[in-house]
Structures are given as C-alpha cells and as structure tokens.
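Chain by chain, the residues run as shown.
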Number of protein chains: 2
Amino acid sequence: MTVSATQEKAAAKPSRAKRAKSSHEDPLVVADLQTTIGYKLRRAQLLVFQDFIESFNRLKLRPAEFSVLSLIAAQPGQKQTEIAEKLGIKRANFVALMDGLEARGLAERRKAIGDKRSHSLHLTEEGTTFVRKMTQVWRAHEQRLVERLGGEKERDQLITLLDRILTSDEPG
Amino acid sequence: MTVSATQEKAAAKPSRAKRAKSSHEDPLVVADLQTTIGYKLRRAQLLVFQDFIESFNRLKLRPAEFSVLSLIAAQPGQKQTEIAEKLGIKRANFVALMDGLEARGLAERRKAIGDKRSHSLHLTEEGTTFVRKMTQVWRAHEQRLVERLGGEKERDQLITLLDRILTSDEPG
C-alpha cells in the first residue's frame, strides 16, 4: 500500500475522537431529494402508473400489456423476440404476458413465415376491438397528464429530456 | 337501456361482417409509445436506477435506503412515520428497511421525546461516515445524468416538469 493510499484510508476511517471533531468542523452535506433525478423520476412514474392502472381498471390491463398490444396493432406480424427487446421485457416474463393475452383471446402467436422456430404476433378480431377501446382510455389518461404538465409543448420537452437519458450510451 | 346506449353497444360490438368492413374503412390508430409519458418515464427510471444500483454495488445500497439515510442526515430526529410518508413508503416496508439499516449499524431508532409510542430516527457515528461516502458516490452518478441531459439547466427543466406531474392534485 502506498503512503497516499494509507493516508486516504486513515482519512476515510478516522478515530472516534477525530470523527467527532471532524463532524463538528465539516458539516454533513447530503443529497437534496427534491432535485435528485432518480428520486423524482420514480415518484412521477409511480403516480402516472397509478393513474394508468385506475383508468384501465375496468379493462383489466396492465401497462406492459398495453405496450405489447400497441406494438402488435401498429405492426402486425412482428416476432415475439423483437417486441420483447423493444420493450426491454425479459423473455420469460414476455412469454407469460403473451400467454395471458392469448388466454383472453386478444392476441395470437403464429408460426413465422420462413422461420418455424419463431412466432409472429397478431391481434385477433376481438383484440382489434379491444385495442380501439383501450386506445380511447389511454387518450383520456394521456390528456390528463398533458394538462398537468401545462400543455403539449411541455409534454414534448419532457419526452425530449427523457430521450436524452435513454439514448446517450456514453455520458458526456 | 336507452336507444342511444343500445346503439353504442352495437357500435362497440359489431357483427363479424361489419367488423371486418369497419376495420378496413377505419384504420386502427394506436398509441405511439415513443411519445407516451408513462412509457418513457418508466424506461428512463429503470435506466437511472440501474446506473444507481451499479454505482452503489460496493456500498450495497438500494435507492430507498439512500433516500431514508439522506432524510435522516438532513434532519436528525424526524419520526419514522414522517419519513415513511414523505417518501411514500408503506409502513411495513419502511419498518423492514429500518431494521436493515439498524442491523448494519448505520441508523437507530430512539424513543421520541414526549411521545413514547413513536420513534425518532438518527444516524450512528458509523452511519455519518457512511453517508459522507454515499453522498460522494451519488454526486458522481448524478453528474453523469446531468451530462446526459445536456447540463444543469436541462436538469432543472426536467425536475420542474416532473414536479408539475407530482404536485397538481387536480388536472387542468
């Protein structure tokens, strides 16, 4: 261990007396949660999901199911693995989610053309009707959030900032 | 059932033939997840928490524990119920979390003055040292996020927008 490492360790673990003295001299500065990005993101996400879940109470739909149905409806025939990857859902969880949507008769897996090992995903006729209703409920939920934010300009600002967090693989 | 309600039901559940026709005439418009507030919030929150958890791997600290220690350090002596409420953590979960921090020797419950049924929360000496280290790790994590966002101005914009979601009890 080098001298500077020893000093660093001594500085990090001062004796009881020194610690008491240093905490007197050097006031404890801590994170202000009110301006901490992760804390605020989590609180806002929980509140938005709560509104979502209450809005979809009658349709019995969870946020991840909403996302999957929206992606299938937007582009029928996508592979199971593609949609799971887009949404960042683990394979086992995605399979369970699709099982649920199939059991409800909303979506179905079909053997993908040219690749019998993989499945392409489609809405059933009932699923198409369901997606129309679900999208109406979502629109009202989203509109409430846009009003809270102060308008569509603010919604766009928020999405832009969240995209910056999401798309920079390298910080700086 | 009124006539208009009957019509509404008929419109929501058209016959097979009508449905096929209507889905031909009336293209399915669905939510674009890329501009959906809840979806983007969740993805960003998961990414930020993943960075947080990796940053705190060595200190073995979860985000909720970080928040609790920060609040105790900022104002020692607050009651257990106050801190749980500020953070929106359920009583049972909060008790388990505090048990963990006590077992690690970082924080302690003391009988609150004037109210022997409630507990006030304090850092131990070891906890104070830990909070100094933890705050340094947090600062580096937060700085990475600020750089991703493009600067402190953008961080402030993001916090302002998230606060609008969080503080308006009434939409509009």
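Residues numbered from 1 in each chain as written. Chains lettered and ligands numbered in written order. Predicted model: local features only at pLDDT ≥ 70, side-chain atom pairs only at ≥ 80, totals over all residues.

Some words on the overall build of chain A
Using the following cut-off: The numbering of helices and of strands both runs from the N terminus, where a helix is a DSSP run of H or I of at least 4 residues and a strand a run of E of at least 2. The exposure scheme places C-beta atoms from the backbone and then counts, for each residue, the other C-beta atoms within 10 Å of its own, assigning buried at 20 or more, exposed at 12 or fewer, and partly exposed in between. Contacts here follow a simple rule: the backbone-placed C-beta atoms of the two residues must lie within 7 Å.
When helices and strands are counted, chain A shows 8 helices and 2 strands. When the helices and strands of chain A are placed in sequence order, the string is α-α-α-α-α-α-β-β-α-α. Across the 172 residues in chain A, those meeting the buried criterion constitute 26%. Summarising the internal contacts of chain A: among those between residues at least 6 apart in sequence, 50% fall at separations of at least 24.

Some thoughts on unusual backbone geometry
We note that Lys60 of chain A has phi near 50°; this positive angle belongs to a residue other than glycine. Looking at the secondary structure, you find Lys60 of chain A in the loop between α3 (37-55) and α4 (63-74).

Re the pairing of strand β2 (residues 115-123) of chain B
Using the following cut-off: Each pair of strands is called paired provided DSSP finds at least two bridges between the two strands.
Looking at chain direction, strand β1 (residues 107-112) of chain B and β2 of chain B are connected through 6 bridges and run antiparallel. Bridge pairing in β2 of chain B links Glu108 of chain B to His122 of chain B.

Section: the interface of chain B and chain A
To keep it simple, the criterion reads: Side-chain classes are defined by residue name, with Ala, Val, Leu, Ile, Met, Phe, Trp, Tyr, Cys and Pro counting as nonpolar, Asp, Glu, Lys and Arg as charged, and the others, Gly among them, as polar.
Listed per partner, the contact involves 56 residues of chain B and 55 residues of chain A. Here the side of chain B that touches chain A is built from residues that sort into 27 nonpolar, 15 polar and 14 charged.

Topic: the environment of Val30 of chain B
Position of Val30 of chain B among the secondary structure elements: in the loop between α2 (16-25) and α3 (37-55). With 87 residues separating them in the primary sequence, Val30 of chain B and Arg117 of chain B have C-alpha atoms 53 Å apart. Look past the residues within four positions of Val30 of chain B in its chain and what remains in contact with it is Ser70, Ala73, Ala74, Val131 and Thr135 of chain A.

What to know about the relation of the copies chain B and chain A
To be explicit about the condition: The superposition of copies rests on a least-squares fit of C-alpha positions from residues with pLDDT of 70 or more in both.
Between the two copies, chain B and chain A, the superposition gives an RMSD of 0.0 Å; the rotation angle is 180° and the shift along the axis is 0.0 Å. Both copies of the chain, as the preceding transformation shows, are related through a two-fold rotation axis. Comparing interface residues between copies, 98% of those in chain B also sit at the interface in chain A, which points to an isologous, same-surface contact.

A look at α4 of chain A
Formally: By definition here, a helix of n residues has an expected span of 1.5 Å times n minus one.
For α4 of chain A, built from 12 residues, the straight-helix expectation of 16 Å at 1.5 Å per residue is met to within 8% by its first-to-last C-alpha distance of 17 Å. If you follow the buried residues of α4 of chain A, they end up packed against α5 (80-87), α6 (91-103), β1 (107-112), β2 (115-123) and α7 (125-149) of chain A together with α3 of chain B.

Brief notes about the nonpolar core
To keep it simple, the criterion reads: A set of buried Ala, Val, Leu, Ile, Met, Phe, Trp, Tyr and Cys residues, joined to one another through C-beta atoms within 7 Å, is what we call a nonpolar core.
In terms of nonpolar packing, the biggest core is built from 22 residues, with Leu41 and Val48 of chain A together with Leu41 and Val48 of chain B touching the most fellow members. Looking at this core, the elements that each hand over two or more residues are α3, α7 and α8 (152-167) of chain A together with α3, α7 (125-149) and α8 (152-167) of chain B. Beyond its immediate sequence surroundings of up to four residues, Leu41 of chain B is in contact with Leu41, Ala44, Gln45, Val48 and Leu162 of chain A.

What about the confidence of the model for chain A?
Fine structural detail should not be taken from predicted coordinates in areas where pLDDT scores are low. Residues and elements named next belong to chain A. To be explicit about the condition: pLDDT runs from 0 to 100 and stands for how confident the predictor is about each residue.
The predicted model of chain A has a mean per-residue pLDDT of 86, with 83% of residues at 70 or higher. Below a pLDDT of 50 lies the segment residues 1-23, which in the model reaches 7 contacts outside its immediate sequence neighbourhood of four places, other chains included. The ipTM value of the predicted complex is 0.83, and its pTM value is 0.82.

Brief notes about the packing of α7 of chain A against α8 of chain B
Operational definition: The axes used here are C-alpha line fits, helices contributing only the stretch in contact, and every angle between their N-to-C directions lies in the interval 0 to 180 degrees. Between 65 and 115 degrees an angle is taken as roughly perpendicular, under 35 as roughly parallel, over 145 as roughly antiparallel, and anywhere else as oblique. Two helices cross in a left-handed way if the nearer one is turned anticlockwise from the farther one by less than a right angle. They cross in a right-handed way if the turn is clockwise.
Contact geometry of α7 of chain A with α8 of chain B gives a least axis separation of 8 Å together with a crossing angle of 120°. Taken together, the axes of α7 of chain A and α8 of chain B are oblique relative to one another. By crossing handedness, the relation of α7 of chain A to α8 of chain B is classed as right-handed. Of the residues in α8 of chain B, those touching α7 of chain A at Leu145, Arg148 and Leu149 of chain A are Leu161, Arg164 and Ile165 of chain B.

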